[in-house]
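# Summary of the model geometry
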Amino acid sequence: MLIGGIEAGGTKIICGIGEWKEGNLKILSEMRFPTTTAAQVIPEMISWFRQYDIKALGIASFGPLDLKKNSPSYGYIKATPKKGWQDVDFVGPFAKALQIPIEFDTDVNGAALGEAIYGAGKNCDVVAYMTVGTGIGVGLLANGQLLHGLVHPEAGHMRILRHPKDTYKGSCTFHNDTEGAGGCLEGYACGPAIAARWGAPGETLYDRKEVWEMEAFYLGQGIANLVLLYSPDRIIIGGGVMHQAQLFEMVREETKKNVNGYIHSEMLDKKIDQYIVPPALGDHAGLMGALELGRRALLK
């Protein structure tokens, strides 16, 4: 059985075809589209999917999103800063054109789902997935279900303390530190924040220890907050910034420092390298999650 998946990010959209067979999901084909405007790229994606006899579609998208199925704007991308995508009906055109079940969620929830079912979070009851790239987002899965609620988790915007040596006010227009109240995790630690603070993209600063010590200071606060709030069985961190391999060990140490012995767990005390981990699915976590959303659409 063929299932379609869409992982929609701010710069690129990945469409994929997966085959569900004998309890396994395998990616058969994928296509990348630049995230131009909805008016341009949605028809292109629909045309691509029409080549295949897919039975369902999962969409994991950047947001904010309306995920309330009884809402008049269910399936919409809401007030995003991404030009050409504000208040766009994302689900509707696919539902109309393809006439198949569709499941819709955030990109980070999609990645959390992919890793929980097929990757580093397998056999865990509670999984947190954090992406650290152009922005910072967190997806959460508990007992097989993705966490929604009032809207959906926006833990990338949790307020945290600024590093005592950091003079940068933060990149987030909603939560910068102009009044000395502290900024948010995304504003201090996303890729654009690193570039703005140090005057160069993070990938060119790999040998600057002070860059990654400060980054770990911020991410360690964010991860410790996830530990205290949700008590995940595993925390998975992906995204372009985490391609700096030395960063993982530094983040683990900062997390322990912030928890400060309050949580007594062998995973934190002795096995933290198995607790805070990179995605086992690599850059396919989001697409696998989107395909799993499609598979779940068939079960409803």
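I will try to describe carefully the structure that is included in this document. Since the model is a prediction, treat every value here as computed from it, not as a measurement. (Residues numbered from 1 in each chain as written. Predicted model: local features only at pLDDT ≥ 70, side-chain atom pairs only at ≥ 80, totals over all residues. Heavy atoms only, no water.)

### Brief notes about the environment of Ile59
Rule in force here: Comment: elements are numbered from the N terminus, with helices defined as DSSP H or I runs of at least four residues and strands as E runs of at least two. When checking whether two residues touch, look at their non-hydrogen atoms; a contact exists if any pair is within 4.5 Å.
The topology assignment puts Ile59 in strand S4 (residues 57–61). Between the alpha carbons of Ile59 and Asp269 there is a distance of 38 Å; along the sequence they are 210 residues apart. Every residue in contact with Ile59, bar those within four places of it in the chain, is listed here: Ile6, Phe90, Val91, Phe94, Ile102, Glu103, Phe104, Asp105 and Leu293.

### Topic: the layout of surface pockets
Selection rule: Each cavity reported here is a set of points on a 1 Å grid over the protein atoms alone in which a 1.4 Å probe fits but cannot get out, each pocket an open set with protein on both sides within 12 Å along at least five of seven lines, and each lining residue one with an atom within 4 Å of a point. Grid points are joined across faces, edges and corners, and a volume is the space filled by probe spheres set on the points. When residues are sorted by character, Ala, Val, Leu, Ile, Met, Phe, Trp, Tyr, Cys and Pro go into the nonpolar class, Asp, Glu, Lys and Arg into the charged class, and all the rest, Gly among them, into the polar class.
Put simply, the second largest pocket is a space of about 170 Å³. In terms of lining residues, the second largest pocket is bounded by Glu103, Asp105, Leu113, Gln145, Leu146, His148, Leu293, Arg296, Leu299 and Lys300. If you list the elements that add at least two residues to the lining of the second largest pocket, you get strand S7 (102–106), strand S10 (145–146) and helix H10 (285–298). Across the lining of the second largest pocket, the residue classes tally to four nonpolar, two polar and four charged.

### A short note on the pairing of strand S9 (residues 136–142)
The condition is simple: Three labels apply to residues, based on accessible area from a 1.4 Å probe with only protein chains included: buried if under 20% of the type maximum, exposed if over 50%, partly exposed otherwise in between. Only strands that DSSP links by at least two bridges are regarded as paired with each other.
Most of S9 is tucked away: six of the seven residues are buried. With seven bridges connecting them, strand S8 (residues 126–132) and S9 associate as antiparallel partners. Of the residues in S9, the one forming a bridge with Val126 is Ala142. Taken together, S8 and the strand that follows it, S9, pair antiparallel across an intervening segment of three residues. As paired elements, S9 and S10 share two bridges and run antiparallel to each other. Bridge assignment links Leu141 to a residue of S10, and that residue is Leu146. The loop that links S9 with its antiparallel partner S10 comprises two residues; one of these, Asn143, has a positive phi angle of about 50°.

### Quick word on the sheet that holds strand S3 (residues 24–34)
Just so we agree on the cut-off: Note on definitions: angles span 0 to 180 degrees between N-to-C directions of axes, and those axes are lines fitted to C-alpha atoms, for helices only across the stretch in contact.
Ordered by their spatial adjacency, five strands build an open sheet running S3-S2-S1-S4-S7, and the pairing between neighbours is mixed. The open sheet has two free edges, formed respectively by S3 and S7, since each of these has just one partner strand. Between one strand and the next, the sheet's axes are offset by a mean angle of 20°, whatever the strand orientation. As defined by bridge partners, strand S1 (residues 2–8) adjoins strand S2 (residues 12–21) across seven bridges and the pair is classed as antiparallel. Across the sheet, Ile6 pairs through a bridge with Cys15, a residue of S2. This element, helix H1 (residues 38–49), spans S1, S2, S3 and S4 of the sheet and lies at about 25° to S2.

### Section: the sheet that holds strand S11 (residues 234–238)
Strand order in the open sheet formed by five strands is S10-S9-S8-S11-S12, with mixed pairing between adjacent strands. Sheet topology places S10 and strand S12 (276–277) at the edges, where each strand pairs with a single neighbour. With two bridges connecting them, S11 and S12 associate as parallel partners. Note that in S12 the partner of Ile235 across the bridge is Ile276.

### Concerning the nonpolar core
The cut-off we apply is this: The criterion is simple. A nonpolar core is a set of buried Ala, Val, Leu, Ile, Met, Phe, Trp, Tyr and Cys residues joined through side-chain atoms within 4.5 Å.
With 41 residues, the main nonpolar core has Met130, Leu185, Leu219 and Ile237 as its most contacted residues. The leading source of residues in this core is helix H6 (residues 209–230), at 11 residues. Excluding residues within four positions of it along the chain, Ile237 makes contact with Met130, Val132, Ile223, Met242, Phe248, Val251, Ile276, Val277, Pro278 and Pro279. Counting 30 residues, the second largest nonpolar core, distinct from the first, contains Phe33, Ile42, Ile46 and Trp48.

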